[in-house]
Each structure stands twice: as structure tokens, then as C-alpha cells.
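Observations on chain architecture
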Amino acid sequence: MTSNLTVFIVDDDPAVRDALGLLLGIRGYRTALFSCGEDFLHSWRPEWAGCLLIDIRMSGMDGLSLQRRLLELNCMLPVIIITGHGDVALARQAFKAQASDFLEKPFDHDKLLAAIDEAFSREAHARGQLQRQVEGQALLRALTPREREVMQLVVTGQHNRDIGPALGISVRTVEVHKARLMDKLGVDNVADLVRISMLGTG
């Protein structure tokens with residue numbers, strides 16, 4: 001189990017919270033328990049990693065309302081909705097708000113663990129994408145204004161012989177700028193250059 005990942009359990013039934021915490025703890029998962037959505041929102045930090053298990057019917061803020069609020073806050077934690085009153089309409093609402101899974105009580109322990117592991121994978125993928133975007137944007141900021149101009153024309157498919165006149169510089173100068181910008185970005189082909197240039201628009 002990845003040590004920095006936590007299963008955050010939000011359920012207003014103390015018996016369910018304790019049972020889930022015990023089950024997951026025995027299986028090697030780190031857990032954090034909350035009795036209501038308001039408590040979780042008050043404690044939540046953007047750097048938290050793992051996934052959320054949210055009961056859909058709770059006093060105060062219900063599970064779907066919490067899920068929607070977390071979306072507004074750009075919370076990256078995947079949400080697994082758990083309920084003892086599952087129906088198609090609730091499931092549709094949960095998935096529309098980007099739920100990772102929807103499990104009905106009493107749920108199969110193996111299905112629960114599989115849902116948690118899938119949620120962990122989803123979050124790792126999302127955080128990896130975000131990290132690549134941040135790194136790519138940092139590399140793009142290192143380019144000079146002229147290198148940016150050359151890059152923008154290269155990624156639209158223009159050749160050096162066309163870029164030179166378009167920018168009022170020689171083809172040789174275009175080649176120098178292109179070589180320098182590709183070296184700064186750590187790419188050696190146009191396909192990778194296109195990919196990293198798109199990070200600047202994210």
C-alpha cells in the first residue's frame with residue numbers, strides 16, 4: 001500500500017465509520033474518519049491524496065452535495081459513493097458529478113477494496129498529468145520571446161524556409177532558435193514539441 005494515500009471516510013453512522021476503518025486498517029490502508037460533510041470540508045487540504053468514501057444520506061450536508069462542493073473546490077480526491085438506499089437516479093447524479101464508483105450497503109468487501117484501488121489509480125494518473133503540465137509550463141517559460149514565436153510556427157507545421165520570411169529572419173537563424181528551444185524543452189522531434197507546447201494553453 002502506498003504510504004501517503006489515505007481513505008477518507010465520511011459517514012454520520014459511527015458504527016459504519018468504525019467498521020470501515022477497522023476493515024481497511026486491517027488490510028493496510030490508512031484511514032481518516034469524519035462524521036459529516038461539513039467536518040470534512042473544514043479539514044480538507046488540497047495536498048491530501050487518496051480517495052473519499054462518502055455516505056449519500058447524512059444529516060446536514062448529504063453525500064451528493066459534498067461531492068459537488070468538492071468539484072467546485074477542484075478537489076482531486078476520487079469519490080466512492082456508499083449508500084443503503086441506492087437507486088438509479090442517485091447513481092446517475094453521483095456519476096454526473098464524476099464519482100469513481102457507487103456501492104450499495106451491505107457491500108462486498110472485495111468490491112470495496114477493488115473500488116478503492118481503482119480510485120487510487122485514478123488519482124495517481126490525474127496528479128501525474130498535473131505534475132507534467134506544471135513542469136512543461138515551467139520549461140516553456142524559459143523560452144525567449146523569439147523562441148516562442150518559432151515554436152508556434154513549427155507546431156503548426158511550417159517549415160524553416162517559411163518561418164524565416166514570416167519572422168523577418170534568415171533560415172539559418174530559424175534553425176538556431178529551433179535547436180535551442182528544443183534543447184531547452186528536452187525534446188528531439190516535432191511530435192513531442194507539439195505535445196509540450198500544448199501545456200502552455202492549460
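Residues numbered from 1 in each chain as written. Predicted model: local features only at pLDDT ≥ 70, side-chain atom pairs only at ≥ 80, totals over all residues. Heavy atoms only, no water.

**Regarding the packing of helix 7 (residues 160-167) against helix 8 (residues 171-185)**
Contact geometry for helix 7 and helix 8: axes closest at 8 Å, N-to-C directions at 105°. Between helix 7 and helix 8, the interaxial angle falls into the category roughly perpendicular. For the pair formed by helix 7 and helix 8, the contact residues are Asn160, Arg161, Ile163 and Gly164 on the first element and Val171, Val174, Glu175 and Lys178 on the second. Tallied by class, the residues present in the contact of helix 7 with helix 8 amount to three nonpolar, two polar and three charged. (Axes fitted to C-alpha atoms, helices over the stretch in contact; angles between N-to-C directions. Helix = DSSP H or I, 4+ residues; strand = E, 2+ residues; numbered from the N terminus. Parallel < 35°, antiparallel > 145°, perpendicular 65-115°, else oblique. Contact = heavy atoms within 4.5 Å. Nonpolar A, V, L, I, M, F, W, Y, C, P; charged D, E, K, R; others polar.)

**As for the UniProt feature "modified residue: 4-aspartylphosphate" (unreviewed entry) in the protein chain**
The UniProt record marks Asp55 with the feature "modified residue: 4-aspartylphosphate" (unreviewed entry), using the residue numbering of this structure. Looking at the secondary structure, you find Asp55 in strand 3 (residues 50-55). Beyond its immediate chain neighbours, meaning those up to four positions away, Asp55 contacts Val10, Asp11, Asp12, Gly63, Ile82, Thr83 and Lys105. (UniProt positions renumbered as here; feature names shortened; annotations may be inferred.)

**With respect to helix 7**
Within the sequence span of helix 7, burial applies to Asn160, Ile163, Gly164 and Leu167. One side of helix 7 holds all its buried residues, which, seen down the axis, span an arc of 105°. Away from the buried face of helix 7 by more than 90 degrees, exposed residues Arg161, Pro165 and Ala166 are located. Buried residues in helix 7 make contact with helix 6 (145-154) and helix 8. (Buried < 20%, exposed > 50% of the residue type's maximum accessible area, 1.4 Å probe, protein only. Arc of directions from axis to C-beta.)

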